[in-house]
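Each chain, letter by letter, is given below.
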Amino acid sequence: MRMKSAFLGLLCLAAAGEAQAQVQYDIYEAMSPEAKRDFGAWMSGWFNGKSGRTEVNQQVYEANSASVRQWCASNPTAQIMPMLDGAMRNAKPAQGGPTSIDAAAITCGDFVGYIPDSQLLVSAWTAGYVASTKNMTKLDFKSFARQEKAVLSSCKANKKQKLLAVVEKNWK
């Protein structure tokens, strides 16, 4: 399950293991596939949160990802965040469809039932969404796994909770 947004944060791993939103594509390319997945989903959630959208749409996410990668290939040393910010201001709302879900409606029971790869993507997306509401622009990969485990543990204990509320409580 991939996420939506005029998004895809293609940015950097700082030495401390943090991704910060003012970096260049060439550093993103050095990330592991798992880090790219998590970071891209986090940035997708972050931009959706900034625009007040909770819709997750796999097709839109993949199309936006491809567009950003293509732009970055032509502009490998350019700052990505300003381009993404401009794209968000000019973006038209995506049409819902069979791959669209409302992240605000995901319960912990839904989340616990996802396959592990989907859990990782949804967890990263919701973490980015919550980070945007707190004006946070860093993703600490070192604590990412610990925070995901805390969310999963909390969700297993109360499957009726809304996932975004659990992420907001547990994500730092």
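These numbers were taken from a predicted model, which means no experiment stands behind them.

Q: Where do I start with the packing of helix α6 (residues 116-133) against helix α8 (residues 163-170) in this structure?
A: How two helices sit against one another is set out by the angle between their axes and by the gap between those axes. Orientation of α6 relative to α8, taken along the N-to-C sense of each, is 70°, at an axis distance of 9 Å. Regarding the angle of α6 to α8, the classification is roughly perpendicular. Every pair of crossing elements has a handedness; the one defined by α6 and α8 is right-handed. Contacts from V122, T126, A127, Y129 and V130 in α6 reach L163, L164, V167 and E168 in α8. Of the residues belonging to the contact of α6 with α8, the class tally is seven nonpolar, one polar and one charged.

Q: For this particular structure, what's the right way to read the packing of helix α2 (residues 33-50) against α6?
A: Interhelical geometry of α2 versus α6 gives an angle of 40° and a closest axis separation of 6 Å. By the angle class used here, α2 and α6 are oblique. With respect to the hand of their crossing, α2 and α6 are arranged in right-handed fashion. Where α2 abuts α6, its residues R37, D38, A41, W42, S44, G45, W46, N48, G49 and K50 lie against D117, L120, L121, A124, W125, A127, G128, Y129, A131 and S132. Each residue belonging to the contact of α2 with α6 can be placed in one class, and the counts come to 10 nonpolar, six polar and four charged.

What counts as what
- Along each chain, the written sequence defines residue order, and numbers are assigned to residues from 1.
- It should be noted that, the model being predicted, local features are given only for residues of pLDDT at least 70 and side-chain atom pairs only at 80 or more, the latter also being counted only at that level, while totals for whole chains, interfaces and linings use all residues.
- Only heavy atoms go into the side-chain values, all of them from the structure, while hydrogens and water stay out.
- Geometry is summarised by axes, namely lines fitted to C-alpha atoms with helices restricted to the contacting stretch, and by angles between N-to-C directions that run from 0 to 180 degrees.
- Numbered from the N terminus, helices here are DSSP runs of H or I no shorter than four residues, and strands are runs of E no shorter than two.
- Throughout, the term roughly parallel applies to angles under 35 degrees, roughly antiparallel to angles over 145, roughly perpendicular to angles from 65 to 115, and oblique to all others.
- Each crossing gets its handedness from the near helix: less than a right angle anticlockwise from the far helix is left-handed, clockwise is right-handed.
- Contact criterion: two residues are considered in contact whenever any of their non-hydrogen atoms come within 4.5 Å of each other.
- Residue classes follow a fixed rule: Ala, Val, Leu, Ile, Met, Phe, Trp, Tyr, Cys and Pro count as nonpolar, while Asp, Glu, Lys and Arg count as charged, and any other residue, Gly among them, counts as polar.

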